[in-house]
Amino acid sequence: MADPKRSGVTAIHSLDRFVFSVPELAVAKQYFTDFGLDVRQVGKQLDLYTFGHPHRWGSIYESGEPKKLEYLALGVYAEDYEPLRRHIEKIGIKTIDPHPLVDEQGFWLRDPDGITLQIVVAEKSSPNQKGDTYGPMYMTTDKGTTVGINRRNMKPVRPVRLTHALLFCSDVPRSLKFYDEALGMRLSDHSGEGIAFMHGAHSSDHHLLAFAKSSGPGLHHTSWVVRGIDEIGLGMEQMLNKGYKYGWGVGRHVLGSNYFYYQRDPWGSFTEYSYDIDFIGLETDWPAQDHPPEDSFYLWGPGAPEDFVTNHEIEDRKAG
């Protein structure tokens, strides 16, 4: 079956891959393995997969320097590649030389904060329909009785796919304008000029990319779909048992509606277990709204850590 395409719209369809660098590759390998990803090392590069899925969601390189977002790859349909390139040139955005770490073809540009973007022909990895929903986990005893599942029968939590990334930027409205006018993304919701969420025109989760106000660019978190709210809690337990004590959740967001647990990574950013995020279909014109600040974080759950929105990519480089 052909992937869906909104008629008359030239736009990116997926967050194809994120790429960042870290001081030590071994630390990243251990962390993302503990998180439940299929981590594959190729020389001095880590590629992040989810078990049972062929897509490469992310890549990590060793730099010896503080963590840094290197670039994002955004996927387009083959028939949209040249029209999108021409459109970008027509509105006065210059293309640039490929990033030094590139291992795929595509054309390149920078967003208003200098984040490097690769536009690449790729299979659509964003969803075409609302994902499966799962209730609480149960088990059946040898006598045929249905009871709550016990800990000894649990397997490690393994996310299914990447759902989105949240970026830091210095001017949220400016970023919204760029990703809308240049790349065809659409506003889902926002809260003033502090945070905003954008989805893909050809169907996606409530957000492929989100933007939070900061003094400059950076990667706040990547978010990964799991199979139910139990796996949100079990993911939290999994990371706590591995010695990762600093996180936020379990809770539920207002914007996007997903259940969440955020685990702080070794570099001060976060990795999110997510379940039941809103889906925006091909024929949906989502009613984007400006929400009050109290709705920009969560519906229920523990209070967010004070430094939850600290951009460590900037702060750590200042300290260094």
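Bear in mind the structure is a predicted one, so any value in this text is a computation, not a measurement.

Conventions used here
Residues numbered from 1 in each chain as written. Predicted model: local features only at pLDDT ≥ 70, side-chain atom pairs only at ≥ 80, totals over all residues. Heavy atoms only, no water. Pairing = 2+ DSSP bridges. Helix = DSSP H or I, 4+ residues; strand = E, 2+ residues; numbered from the N terminus. Axes fitted to C-alpha atoms, helices over the stretch in contact; angles between N-to-C directions. Contact = heavy atoms within 4.5 Å. Expected span 1.5 Å × (residues − 1). Phe/Tyr/Trp six-rings, centres within 6.5 Å; stacked < 30°, edge-to-face > 60°. Lys NZ or Arg CZ within 6 Å of the ring centre and 35° of its normal. Buried < 20%, exposed > 50% of the residue type's maximum accessible area, 1.4 Å probe, protein only. 1 Å grid on protein atoms, 1.4 Å probe; cavity = no way out; pocket = protein on both sides within 12 Å on 5 of 7 lines; lining within 4 Å. Points joined across faces, edges and corners; volume = space filled by probe spheres on them. Salt bridge = Lys/Arg side-chain N within 4 Å of Asp/Glu carboxyl O.

Caption draft 1: Broad picture of the sheet that holds strand β1 (residues 14–22). Strand order in the open sheet formed by 7 strands is β2-β3-β4-β1-β5-β7-β6, and the pairing between neighbours is mixed. Either end of the sheet is taken by a strand with one partner, and the two such strands are β2 (38–42) and β6 (107–110). Within the sheet, the average angular offset between the axes of one strand and its neighbour, ignoring direction, is 20°. Where β1 meets strand β5 (residues 68–76), 7 bridges bridge the pair, whose relative direction is antiparallel. Pairing of Ser-21 across the sheet is with Lys-68, part of β5.

Caption draft 2: Fine view of the sheet that holds strand β12 (residues 195–199). Pairing in this open sheet of 8 strands is mixed, and the strands run β11-β12-β14-β10-β15-β18-β17-β16 from one edge to the other. Because the sheet does not close on itself, it has two edges, and the strands there are β11 (186–191) and β16 (247–252). The average angle at which neighbouring strand axes cross in this sheet is 20°, direction not considered. Where β12 and strand β14 (residues 209–213) come together, 4 bridges link them in antiparallel fashion. Residue Ala-196 lies in a different strand from β14, and its bridge partner there is Phe-211. Helix α1 (residues 25–35) contacts β15 (218–225), β17 (259–264) and β18 (270–275) of the sheet and is inclined by roughly 15° relative to β18. Taken strand by strand, helix α4 (residues 229–241) contacts β16, β17 and β18, and its axis lies near 155° from that of β18.

Caption draft 3: Spotlight on α4. Taking 1.5 Å of rise per residue, the 13 residues of α4 would be expected to cover 18 Å, and the 19 Å separating its terminal C-alpha atoms lies within 8% of that figure. Contacts from the buried residues of α4 go to α1, β16, β17 and β18. Residue Gly-243 follows α4 closely and has a positive phi angle near 100°.

Caption draft 4: Up close: the packing of aromatic side chains. On inspection of all chains with the given rule, the structure shows 27 aromatic pairs. Each ring, one from Tyr-246 and one from Phe-270, has its centre 6.3 Å from the other, and the planes form 40°; the classification is tilted. In this pair, Tyr-246 is assigned in the loop between α4 and β16 and Phe-270 in strand β18, connecting sequence segments 24 residues apart. Linked through ring pairs, Phe-18, Phe-20, Tyr-31, Phe-32, Phe-35, Trp-224, Tyr-244, Trp-267 and Tyr-273 together constitute an aromatic cluster. Seen from the ring of Tyr-49, Arg-40 lies directly overhead, with NZ or CZ sitting 3.7 Å from the centre. Over the ring of Phe-20 we find Lys-67, and its NZ or CZ is 5.5 Å from the ring centre.

Caption draft 5: Broad picture of the environment of Phe-308. Relative to the helices and strands, Phe-308 resides in the loop between β19 (279–280) and α5 (312–319). The exposure class assigned to Phe-308 is buried, which follows from its relative accessible area of 5%. Residues Phe-308 and Asp-189 lie 119 residues apart in sequence; the distance between their C-alpha atoms is 20 Å. In contact with Phe-308, not counting residues within four places along its chain, are His-220, Trp-248, Tyr-262, Phe-270 and Phe-297.

Caption draft 6: Expanded view of the pairing of β16. Across 5 bridges, the pairing between β16 and β17 is antiparallel. Bridge pairing in β17 links Gly-247 to Gln-263. Linkage of β16 to β17, two consecutive antiparallel strands, is achieved through a turn of 6 residues, within which Gly-256 is found at a positive phi near 105°.

Caption draft 7: Highlighting empty space enclosed by the protein. Applying the stated criterion across every chain yields a total of 4 cavities of 30 Å³ or more. Taken as a whole, the largest cavity encloses approximately 190 Å³ of empty space. The wall of the largest cavity is formed by 21 residues, among which Leu-166, Ile-195, His-221, His-253 and Tyr-262 lie closest to the centre. For the lining of the largest cavity, the secondary structure elements donating two or more residues are β10 (161–169), β12, β14 and β15.

Caption draft 8: Broad picture of the layout of surface pockets. What the second largest pocket holds in volume is close to 310 Å³. Around the second largest pocket sit 16 residues that line it, and Lys-155, Pro-156, Val-157, Leu-234 and Gln-238 are the ones nearest its centre. Broken down by secondary-structure element, the contributors of at least two residues to the lining of the second largest pocket are α1 and α4. The dominant element in the lining of the second largest pocket, judged by the number of residues it contributes, is α4, at 4 residues.

Caption draft 9: Inspection of the side chain of His-199 at higher detail. Here His-199 is to be found in strand β12. Ignoring sequence-local partners within four residues, the contact set of His-199 consists of Met-185, Arg-186, Leu-187, Ser-188, Ser-204, Asp-205, His-206, His-207, Leu-208, Ile-280 and Trp-286.

Caption draft 10: Just the pattern of salt bridges, in detail. Under the definition given, this model contains 13 salt bridges. Glu-313 is the partner of Lys-67 in a salt bridge, and the nearest nitrogen-oxygen pair spans 3.0 Å. Of this pair, Lys-67 sits in the loop between β4 (58–62) and β5 while Glu-313 sits in helix α5, and the two are 246 residues apart along the sequence. Of the residues examined, Glu-313 reaches a relative accessible area of 9% and is grouped as buried. Through salt bridges with shared partners, a single ionic network connects Arg-6, Arg-186 and Asp-285.

Geometric descriptors of this kind do not, in isolation, establish any biological role.
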